[in-house]
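Report on the structure
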Amino acid sequence: MHVIFRTLMTLLRARRRSPLTPWETSTITLRALPTDVDIAMHVNNGQYLSLFDLGRFDLMARAGIWKQMRGRGWSPVVQSEQITFRRSVTFMTRFEIHTRILGLDEKSIYFEQRAVVDGEIYVRAQIATRLVSAQGPVSNEQILEMIRELGHVVPEDLSVDEGLRRWRESAALPSSRKPAPNVW
């Protein structure tokens with residue numbers, strides 16, 4: 001994990017930042033470091049997804065979810081991601097990562113994340129995630145119960161729009177328990 005030090009710093013800083021509910025937007029500020037950029041001197045397209053992890057960690061930590069899920073042996077995993085680029089974040093530029101939960105379906109928790117420079121969206125991603133344990137995937141009912149136990153109110157409607165659901169379903173690979181032969 002090439003952003004391990006930033007991850008640790010994000011989790012440590014989250015302890016001193018104001019708490020959030022899971023339904024609020026988390027914002028963290030970063031700078032495009034030499035380890036983030038490619039030969040064109042802008043953040044490498046693949047690096048954005050690693051940096052967006054930091055935004056999700058900040059939101060989970062500030063909402064109290066990180067500590068609870070780790071205590072239960074749950075780990076976050078990404079199922080699917082889609083990303084759109086508008087402008088490049090260049091070397092040493094300060095930028096923000098904005099993170100919010102869009103909603104849930106029967107399998108996934110959906111996040112939207114944005115790289116923002118001076119109030120302008122440069123990059124946007126939608127990420128479908130899950131929590132897993134040693135026994136397998138954690139149900140959304142278990143996750144929502146944990147969120148309620150933390151004292152957070154769960155909105156009545158957490159459904160995501162049909163386009164987002166179709167994207168995840170159409171991009172999905174077969175279950176890890178089913179064959180997925182590499183045939184072109």
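Below is a summary of the structure that appears in this document. Remember, it's a predicted structure, so these values are computed and weren't measured experimentally.

1. Brief notes about the layout of surface pockets
Space inside the largest pocket adds up to approximately 530 Å³. Lining the largest pocket are 18 residues, and of these Gln79, Lys107, Arg130, Leu173 and Ser175 sit closest to its centre. Sorting the residues of the lining of the largest pocket by element identifies strand S2 (75-85), strand S5 (120-133) and helix H5 (162-171) as the ones contributing at least two each. Ranked by the residues each element gives to the lining of the largest pocket, the list is headed by S2, at 4 residues. Among the residues forming the lining of the largest pocket, the class breakdown is 8 nonpolar, 4 polar and 6 charged. Counting only elements with at least two residues in the lining of the second largest pocket, the list comes to helix H2 (45-62), helix H3 (65-71), S2, strand S3 (94-104), strand S4 (109-117), S5 and helix H4 (140-149). Per element, the largest residue contribution to the lining of the second largest pocket is 5 residues, and it comes from H2. Of the residues contributing to the lining of the second largest pocket, the split by class is 17 nonpolar, 1 polar and 3 charged.

2. Quick look at the pairing of S5
When you tally the buried positions in S5, you get 10 out of 14 residues, the bulk of the element. Taken together, the 10 bridges between S2 and S5 define a ladder with antiparallel strand orientation. The residue bridging Val78 from the neighbouring strand is Thr129, located in S5. Here 9 bridges tie S4 to S5, and the two strands are oriented antiparallel to one another. Across the sheet, residue Val116 finds its bridge partner in S5, namely Ile121. Where S4 hands over to S5, the hairpin turn is made up of 2 residues, of which Asp118 adopts a positive phi near 50°.

Scoring rules and cut-offs
- Residues numbered from 1 in each chain as written.
- Predicted model: local features only at pLDDT ≥ 70, side-chain atom pairs only at ≥ 80, totals over all residues.
- Heavy atoms only, no water.
- 1 Å grid on protein atoms, 1.4 Å probe; cavity = no way out; pocket = protein on both sides within 12 Å on 5 of 7 lines; lining within 4 Å.
- Points joined across faces, edges and corners; volume = space filled by probe spheres on them.
- Helix = DSSP H or I, 4+ residues; strand = E, 2+ residues; numbered from the N terminus.
- Nonpolar A, V, L, I, M, F, W, Y, C, P; charged D, E, K, R; others polar.
- Buried < 20%, exposed > 50% of the residue type's maximum accessible area, 1.4 Å probe, protein only.
- Pairing = 2+ DSSP bridges.

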